[in-house]
Amino acid sequence: MPDINLRRLDVTNPGRGPWKVVPDLSNRAILVKNGRSGYGHKVYYGTRTKRTQEDAEVQAVAMCAILNALKAKRP
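Our subject in this report is the structure included herewith. (Residues numbered from 1 in each chain as written. Predicted model: local features only at pLDDT ≥ 70, side-chain atom pairs only at ≥ 80, totals over all residues. Heavy atoms only, no water.)

**Examining the packing of aromatic side chains**
(1) Moving on: Tallying each qualifying case throughout the model produces 1 aromatic pair.
(2) Moving on: Centroid distance Trp19 to Tyr39: 6.2 Å. Interplanar angle 85 degrees. Geometry classified as edge-to-face. With Trp19 in strand β1 (residues 19-24) and Tyr39 in the loop between β2 (29-34) and β3 (40-44), this pair connects stretches of sequence that are 20 residues apart.
(3) Moving on: What makes Tyr39 exposed here is its relative accessible area of 51%. (Phe/Tyr/Trp six-rings, centres within 6.5 Å; stacked < 30°, edge-to-face > 60°. Helix = DSSP H or I, 4+ residues; strand = E, 2+ residues; numbered from the N terminus. Buried < 20%, exposed > 50% of the residue type's maximum accessible area, 1.4 Å probe, protein only.)

Spelled out as structure tokens, the structure:
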């Protein structure tokens, strides 16, 4: 059964943890980056993706919140 804390996760706040949201304006992307390992994932925006910059930021913050919550739940 899923943990109740993950079902009530606030995805509008990136939370505390190793994952951070970093804008990469030169590549028209928002980067979700791990501060410890350096791994990152880009959420692109623009005409090809049909995603605005604000939509990309919302998606990146939600992804960051989920990754930080999962890291916090790990033993």
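We are not done yet, so read on.
**Considerations on the side chain of Asp24**
(1) Moving on: Of note, Asp24 is situated in strand β1.
(2) Moving on: Here Ser26 takes part through its side chain, which lies 3.2 Å from a polar atom of the side chain of Asp24.
(3) Moving on: Side-chain polar atoms of Asp24 contact the side chain of Asn27, separated by 3.0 Å.
(4) Moving on: The residues touching Asp24, leaving out its near neighbours within four places in the chain, are Ala29, Ile30 and Lys42. (Polar contact = N/O pair within 3.5 Å; in protein donor to acceptor, adjacent residues only side chain to side chain. Contact = heavy atoms within 4.5 Å.)

**Some details on unusual backbone geometry**
(1) Moving on: A positive phi angle, close to 55 degrees, is found at Arg28, a residue other than glycine.
(2) Moving on: Judged by relative accessible area, Arg28 falls into the partly exposed class, the value being 46%.
(3) Moving on: For Lys50, which is not glycine, the phi torsion reads 55 degrees and is therefore positive.
(4) Moving on: Residue classification places Lys50 among the exposed positions, given a relative accessible area of 74%.

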